[in-house]
Structure formats: structure tokens, C-alpha cells
Amino acid sequence: MQRWSPATREQIGQAPVLPGVGLRPDSPTLAEDEELLDLTGRRGFPLLGGVAFGYPAARALAPSTVPSKGRGERRLFAWDRWKGALYLDSFGGLGVGLWREYVALMASVNCFDAFWPSLVVRRRRAAQAFWTRLSEQFSLRPSGEGGAILRADDIVVAQPRIFTRTLAALGDVLRFCACEGARAAFDVGPGVAVRELAELSVPTSDPLYTDESPFTSRRVWVTDDRVIQGDFVLEQAVARLDIVRAGTTQHRCRAPALGSPRLVRYLEDQGAVCVAAPSVSAPPTLVESLRGVVGEDCLVMRREHEMPDGALWLGLLPREMLPERAQSLLDFEGGAESFPTGLRLVHWPLWSWKDMELVAVGAWHDWKLILWSGEGGLWVYANMPEQMDFVAGELGTWLEILAVEDGLAEAERLRVELAFPLDAHLQRGLIAERLGLRPVPECTDRLVSSYEGQDLWLRELIAPLGGSFCVVRCDTSERALRLIENVREVMRLETVAISAWSESRTQLSQTLGREGIRTISSNRQWWSDFNDSDAHPP
């Protein structure tokens, strides 16, 4: 049976490939990976229409397998910059069609002689009606294998992407998107040139397309020879994308030194937005703390070319101007402005919890609220699983710790993770000294001390409320057991929390149980593990 048409073979044979990415014997999609490599003439894994195909091309971006109800496990097979991870089920489906059909579709799109980068359109409501009206407006007709591509002379559509050959066609599509209220962004690819400038200028004329919220906005202008896309945070231009015949250049505001190079890389990867100048009243020490991290202006570390609301934001803003991700955290059930933990909104951004007053200074993804309490340090509320955690004394310290943790996760290192309460009379740093660990100054402040050594990463946190605790990451459960033996020589140890994502957690839990140590399964909200009665055994 012929699996690939001659046209598809020719298209993939000439398509670009990801450099330096080879076949992996441990791939869960090894047979499919081999088939892809044969199609490219063993040059590498194909990059088609913004989709990187093959497990080795996607492995660093998502878990290798995920459960699938009624269909066993689904296996990682591709990464779409807008859809995210694409997993292959036992029937050969990718969630966007059968995998060979989808590869053929993207190969056909990839060879379309599009002069301008594709426009990716996302519409939350009545999505299919939008594509139907677009097809009618531009007289698009089915094309490609299976008719999955819609085409006119200067426009090709492969949902959610729209490809155009001319500036006139691109302008018409943008006007249509603006009228429909659709969200659109240019997919310029990862290789775009970036220039950092002290300040940005954008056209003063009315834009052809605008996507606005109280916090961020994106505006697009089309001139005689170029497309200009401007991204704004609180009306401050933070990025400008210039698309011309010769290629694409991104202009960004030059970022101040935020801390270690590791932290800068982390914030760029996360897509962080930091607003130093407060729009609401706040304690002077908090304003000083924020400006110590961010500087005087609005700082945006953009994740590639998405809207700059990112995965992490920091700052003091009126509630109605919060980023969309943060707004979802405040969707209280039943109208009561409090969470099950007892965390209660007094008036934005002031919160009350136990005997503490806290100020909301940011959000992490769409499920963690970052709370500052002055002398009480920095706390994080997670609405999944509705727990509080004490994380550091200062904002900058916590960010540096996040950067270290992210680097370990990226490298798949030190995957055994646990924590235990500290004896109140134990000398600070004694455990690290006994283990021969080195201090990590940028991850240390008045309430947290961080240390590192051979295959060990350790933090001691002096919580102002409740008990203090120690968090450890190491390479094996054997090393974890040796560490615990060392700790038991200087203090009484009755309980250990083991991360629910920790490698060898069951084996470690059973071994500790035989030693008379109680273990609990942790969601990595470590403070709650030792100060919250809702902690459950694994």
C-alpha cells in the first residue's frame, strides 16, 4: 500500500529540517520517526508549516507519554508552536487527524509560495462560523490531499493559519479579523533577528488591526512595503515586529540587568511581564523591592512572539487592569471573595490570611497568586490544590530559585524531590555544612538559604508563620536516604514529604516507612505539607 503520494514525498524531501536532532532509540514513536527520516532522505526531522515532527524534535517541550481514556497511553510525536504538544494515539490519530494525513497537509502548506509569514488566528467562540465566513468572503476552495486546505489565488488557509502572497491580501485578511473580533498574530518562526533598543517607536496612524485588553494590546499596520506589529503593555510599546521582503526583525526594549544570567534566560523563556511603577498605593518597602528587581519602567520578557501577558507577571495594578491569566485566579465561586485556605480579599490588592496582611504582587501561570507580606516574606497561593506555600524572604531570591528549578527540570536532573520540617533549635546551615555543600548567594536571603553540591540542591526556609522546613533535590533515592540518615544524626525526623512527581517515590516511601518515618505525598506546596491538616499519605 502506498502511504505517501509522490507530491508529498517531493514536498517533504525539499522541506527544512531541524538541525542537530537525530533519532533516539528510546523514542515512543520510533517507527513513525524512522518513516519521517526516510521521507527527508535521512537529513533530519521535518519542520512543516510551523510544526516540528518527530519525538526527538518535541521531547524537551512536553512529557513523552500521557494517559488516554479508553485508548491506553498517547505518545509524543510533534510540537506545534500554537497548538502545543501533539500526541499519537494507538489508532494513529494526533487529535488533528491521522498523523500521515496531517504531515501531508502541513507539507502542502509548507510549499505554498507565501511571501509573508502566516497569520495564526484564535477565536474562542463560534470558531467554525468564523472559518466559514472567511471562506465565503474570499471565495476559498478546497485543495490539497483530503481537501483540508482552502485556497484562493493569494490566500491559503490551513486552520488556524492563514498564508498570503501579497500585502493587499494580508491587509484584507486583517480587516476581516478585526471585524470578526478574532485574535491574530504572525508566526514568524524561531529564527527571527532580534534587536534590542533603548526605546521603541511605532506609527502614530490608526492601526489596521487591534487586539486590546486593559493590560496588553497588539496593533498591526500595513504600509506600502512592510508590516509592522506593535505590542504594548499599559500603553507602553514593548516590542515591534518589522516584516519586509528581506525578512523579519523584532525590536525590543533593552532589558535591565535583573540578576544572574540564568534568571534572565528563565524570564525570557517564561514570558515575564514586570511593572515597577505602581498604579495602586503600596508600602514603600514593597515598591522598593519591586524596583530592585525590575528597575523604573515596565519590563517585558516575551515568550517568542505571543501576546506579552506571559506565564509570569509582577507588579501593582488595579484589579480591572490585571492580565488575563491573573483575572482567572480571581473567579471566586458563589461571589465570596475568599479561598478555601482562608485567604480573603480585603480590597485589591490587599489580602488577609491568618494573622497576616499580604499584598498581591503578581501571578504565575493562571493558577498561582504571588503575595508579599513585608517582614513575613513572600508567599504563593495555588488554586490547584488550594494550598499556601512560603517561598522566600525577597522577590528577587524567589525568582532566582525558580530559575534554578527550571534549569534542573529542563536538563531532567535531580528528579528525586522531598522536604522535611526543621528543628527550631537547629543551627542554620548545619545540614549543608555536614554534607559539604556550597552556598548559592543569589538564592539566599534573610529567610531562605540555598546550597548546592554534587547531585544535590538544598534549601532551608525559615517560615515566619508555622514551622521551618528544608527542601531537597537529588539524583537518586539512595542519595536521599543517605542524606536523611545524616539529618537524623543532628535532629529528630518523623515526617518526610515526597513530591508527587518525584522519581522512585514509592520505593523511597516504603524504605522510610520501615525506618519509622511517616511520608506524605506533596504537590510541592511544601509549607502546607507540615502546617496543613489536609496533607494525605501517598
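See above for the structure.
What counts, and at which threshold
- Residues numbered from 1 in each chain as written.
- Predicted model: local features only at pLDDT ≥ 70, side-chain atom pairs only at ≥ 80, totals over all residues.
- Heavy atoms only, no water.
- Helix = DSSP H or I, 4+ residues; strand = E, 2+ residues; numbered from the N terminus.
- Buried < 20%, exposed > 50% of the residue type's maximum accessible area, 1.4 Å probe, protein only.
- Contact = heavy atoms within 4.5 Å.
- Areas by Shrake-Rupley, 256 points an atom, 1.4 Å probe, with all protein chains shown as cover.
- Pairing = 2+ DSSP bridges.
- Axes fitted to C-alpha atoms, helices over the stretch in contact; angles between N-to-C directions.
- Phe/Tyr/Trp six-rings, centres within 6.5 Å; stacked < 30°, edge-to-face > 60°.
- Salt bridge = Lys/Arg side-chain N within 4 Å of Asp/Glu carboxyl O.

1. Here we look at the overall build of the protein
A count of helical and extended segments in the protein gives 14 helices and 33 strands. Burial status across the protein gives 52% buried among its 538 residues. Here the analysis covers contacts within the protein between residues at least 6 apart in sequence; of these, 58% occur between residues at least 24 apart. As presented, the protein carries roughly 24,500 Å² of accessible surface, and 48% of it is formed by carbon and sulfur atoms.

2. Considerations on the sheet that holds strand β7 (residues 141-143)
Read across the sheet, six strands follow the order β7-β8-β9-β10-β6-β11 without closing on themselves; strand pairing throughout is antiparallel. Two strands close off the open sheet at either side, each with one partner strand: β7 and β11 (183-187). Each strand axis lies, on average, 30 degrees off the axis of its neighbour in the sheet, ignoring direction. The pairing of strand β9 (residues 155-158) with strand β10 (residues 161-164) spans four bridges and is classified as antiparallel. Within β10, the residue paired with Ala158 across the bridge is Arg161. Sitting on the sheet, helix α6 (residues 167-180) touches β6 (118-122), β9, β10 and β11, and the angle it makes with β10 is about 150 degrees.

3. Considering the packing of aromatic side chains
As enumerated under the stated definition, the model contains 14 aromatic pairs in all. Relative to Trp99, the ring of Trp4 lies with its centre 5.8 Å away and its plane at 70 degrees, an arrangement referred to as edge-to-face. Taken as a pair, Trp4 in the segment before α1 (6-13) and Trp99 in helix α4 (residues 99-110) lie far apart in primary sequence, 95 residues in all. Trp99 shares its class with Trp4; the two are buried.

4. Comments concerning helix α2 (residues 30-39)
All of the buried residues in α2 are Glu32, Asp33, Glu35, Leu36, Leu37 and Leu39. Following α2 by one or two positions, Gly41 has its phi on the positive side, about 70 degrees.

5. With respect to the pattern of salt bridges
Applying the stated criterion across every chain yields a total of 30 salt bridges. Arg488 serves as the salt-bridge partner of Glu515, at 3.7 Å between the closest nitrogen and oxygen. In this pair, Glu515 is assigned in the loop between α13 (505-514) and β33 (518-522) and Arg488 in helix α12 (residues 477-488), connecting sequence segments 27 residues apart. A salt bridge links Arg492 to Glu494; the shortest N-O distance between them is 2.5 Å. Exposure remark for Glu494: the relative accessible area of 45% places this residue in the partly exposed category. The structure contains a network of salt bridges with shared partners spanning Glu405, Glu417, Arg459, Arg473 and Arg524.

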